Amino acid sequence: MYEKEFDRKGRLICFEGIDRSGKSSQIEILSLYLIVKNIPYVIIKFPTNETYPGREINKFLKGEIFINPDKVDLYFTSDRLEMYGEIKRLLKEGTWVICDRYVYSGIAYGNTALYFNTLEFGKVVRPDLVIFMDVQYEDVKNRKDFGKEIYEEKNRLERVYKNFLKLFEDKDFIKIIDGRKGIREISEEIEKEIEGIFTK
């Protein structure tokens, strides 16, 4: 499923979790940490606005356009496929890439079984670290802006949460963090994980 290893000078850090799990806040804090450490980085938020499929999916999520349910997964996948080359280029040159969602969201939120889309076999750049913000629907339903996107509803998010847990069983590059903790407590836990990467 992953692309064969290559000489990367940068690191790929991915944040996953259900909607409103706190990923964006922690990515913002991590970016400040990397600035202090003088580490070049870019943030890529999936779905992106860099590709046509990504832009269409963002419109779909806001309820601005309709996409046939049978084609939704393909749009998400196509967006990622167009970005893997750029991620690889950045890592080779020494830039850290911080992803707000990655292929795992594509699988967990997908309308099909838990598997990598065959189009992505051998093309997914393996992360150095995945941070999973462990919160459930009941923890996020009252958070700011919840409900603005079409996937932000109880049954779907409960299913997605269970899918994430299945995906992340027994993977050594996954760090599961209790997203109900305070923002600073969570960021300190993430920074410890990042420091561990420096020694690899």
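Residues numbered from 1 in each chain as written. Predicted model: local features only at pLDDT ≥ 70, side-chain atom pairs only at ≥ 80, totals over all residues. Heavy atoms only, no water.

Participant: Would you mind going over the pattern of salt bridges with me for this structure?
Facilitator: Should their charged atoms come close, side chains of opposite charge can pair. One pass over the structure, following the stated rule, counts 20 salt bridges. We note a salt bridge from Arg8 to Asp128, for which the minimum N-O separation is 2.9 Å. Linking Arg8 in the segment before strand 1 (12-16) with Asp128 in the loop between helix 4 (103-108) and strand 4 (129-134), this pair joins segments that are 120 residues apart in sequence. Asp128 shares its class with Arg8; the two are buried. Each member of the salt-bridge network shares a partner with another, and the members are Glu5, Arg8, Arg11 and Asp128. (Salt bridge = Lys/Arg side-chain N within 4 Å of Asp/Glu carboxyl O. Helix = DSSP H or I, 4+ residues; strand = E, 2+ residues; numbered from the N terminus. Buried < 20%, exposed > 50% of the residue type's maximum accessible area, 1.4 Å probe, protein only.)

Participant: Please clarify how the sheet that holds strand 5 (residues 174-178) should be interpreted in this entry.
Facilitator: For sheets, the rule is that strands pair by backbone hydrogen bonds, running either parallel or antiparallel. The 5 strands are arranged 2-3-1-4-5 in an open sheet whose pairing can be described as parallel. Taken across any chain shown, the strands that pair with only one partner, and hence form the sheet edges, are strand 2 (41-45) and strand 5. When strand polarity is set aside, the average angle formed by the axes of neighbouring strands in this sheet is 20 degrees. Two elements, strand 1 and strand 4, share 4 bridges in a ladder whose sense is parallel. Paired with Cys14 across the bridge in strand 4 is Val130. Helix 7 (residues 183-198) contacts strand 1, strand 3 (96-100), strand 4 and strand 5 of the sheet and is inclined by roughly 165 degrees relative to strand 5. (Pairing = 2+ DSSP bridges. Axes fitted to C-alpha atoms, helices over the stretch in contact; angles between N-to-C directions. Contact = heavy atoms within 4.5 Å.)

Participant: Just to check I follow, could you spell out the packing of aromatic side chains for this structure?
Facilitator: Ring pairs (aromatic) are described by centroid distance and by the angle formed between their planes. Inspection of every chain in the model, using the stated rule, returns 10 aromatic pairs. When the centroid spacing of 6.1 Å and the interplanar angle of 55 degrees are considered together, the rings of Tyr102 and Tyr104 count as tilted. Among the residues examined, Tyr102 registers a relative accessible area of 1% and is labelled buried. Overall, the relative accessible area of 1% leaves Tyr104 in the buried class. Their ring planes at 65 degrees and their centres at 5.4 Å tell us that Phe132 and Phe168 sit as a pair that is edge-to-face. In this pair, Phe132 sits in strand 4 while Phe168 sits in the loop between helix 6 (154-167) and strand 5, placing the two residues 36 residues apart along the sequence. (Phe/Tyr/Trp six-rings, centres within 6.5 Å; stacked < 30°, edge-to-face > 60°.)

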